[in-house]
Amino acid sequence: MSGYLQVSTATATRDEAVQLAGSAVGAGLAAGAQVVGPVVSVFWHEGRYGEGEEWQVLLKTTERRYAELEAHVLENHPWGNPEVSAVPISAGSAGYLDWLDRTTKG
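Residues numbered from 1 in each chain as written. Predicted model: local features only at pLDDT ≥ 70, side-chain atom pairs only at ≥ 80, totals over all residues. Heavy atoms only, no water.

S.K.: Go over the packing of aromatic side chains with me, naming the residues and quoting the values.
M.R.: How two aromatic rings sit relative to each other is given by the distance of their centres and the angle of their planes. This model, assessed by the stated rule, comprises two aromatic pairs. Between the aromatic rings of Trp44 and Tyr49, the centroid separation amounts to 6.1 Å while the plane-to-plane angle is 80°, which identifies the pairing as edge-to-face. Owing to a relative accessible area of 66%, Trp44 belongs among the exposed residues under this scheme. Ring geometry for Tyr96 and Trp99: centres 5.6 Å apart, planes at 35°, overall tilted. Highlighted residues: Tyr96 and Trp99, both in helix H3 (residues 94–103), separated by three residues, approximately one helical turn. The partly exposed category is assigned to Tyr96, whose relative accessible area is 31%. (Phe/Tyr/Trp six-rings, centres within 6.5 Å; stacked < 30°, edge-to-face > 60°. Buried < 20%, exposed > 50% of the residue type's maximum accessible area, 1.4 Å probe, protein only. Helix = DSSP H or I, 4+ residues; strand = E, 2+ residues; numbered from the N terminus.)

Structural data, given as structure tokens:
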């Protein structure tokens, strides 16, 4: 069994988020994804304070596939320097984690 991750990024529009989620899942780099939004983001960007609405993309994957998923997100994301961060999934039902393993084999 591999380690499991929830990888997040955000886009400006719902369509961009769905397209990015679909391409990652379609490529087998993530077993599944949720698109949440719009969400309000508060941030520093290029030395300036900003606020805006974004669509959050949450991708479920394994540590084994993370590097490929990160490269895919960076290559297919409309922004030049998007957030791509991962947090471990420390526990989950056996059936769910097995599905995550089987779905992301590549």
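Moving on, there is more to tell.
S.K.: Tell me what's going on with the pattern of salt bridges, and back it up with residues and numbers.
M.R.: Enumeration over the complete set of coordinates arrives at two salt bridges. Salt-bridge contacts for Arg65 lead to Glu68; the nearest nitrogen and oxygen are separated by 2.8 Å. Remark: Glu68 and Arg65 occur in helix H2 (residues 63–76); sequence separation between them is three residues, near one turn of the helix. The salt bridge involving Asp98 is made with Arg102; its shortest N-O contact spans 2.9 Å. In this pair, Asp98 and Arg102 both sit in helix H3, four residues apart, roughly one turn of the helix. Given the relative accessible area of 51%, Arg102 is considered exposed. (Salt bridge = Lys/Arg side-chain N within 4 Å of Asp/Glu carboxyl O.)

S.K.: Explain the side chain of Arg65 residue by residue, including any values.
M.R.: Take Arg65: its relative accessible area is 7%, and that puts it in the buried class. A distance of 2.8 Å separates polar atoms of two side chains, one belonging to Arg65 and the other to Glu68. (Polar contact = N/O pair within 3.5 Å; in protein donor to acceptor, adjacent residues only side chain to side chain.)

S.K.: So what's going on with the nonpolar core? Residues and values would help.
M.R.: Core analysis: the biggest nonpolar cluster contains 15 residues, and Val7, Leu59, Leu69 and Val73 have the highest contact counts within it. The biggest single contributor to this core is helix H1 (residues 14–26), with four residues. If we skip the residues at most four places from it in the chain, Val73 touches Thr9, Leu20, Leu59 and Val84. (Core = buried A, V, L, I, M, F, W, Y, C linked by side-chain atoms within 4.5 Å. Contact = heavy atoms within 4.5 Å.)

S.K.: Please set out the environment of Tyr4 residue by residue, giving values where relevant.
M.R.: Its location among the elements puts Tyr4 in strand S1 (residues 4–11). Note: C-alpha distance between Tyr4 and Gly47 (43 residues apart in sequence) is 34 Å. The contact partners of Tyr4, leaving out residues within four places of it in the chain, are Thr61, Thr62, Glu63, Val87, Pro88, Ile89, Leu97, Leu100 and Asp101. Only 2.7 Å separates the side chain of Tyr4 from the side chain of Asp101, close enough to count as a polar contact.

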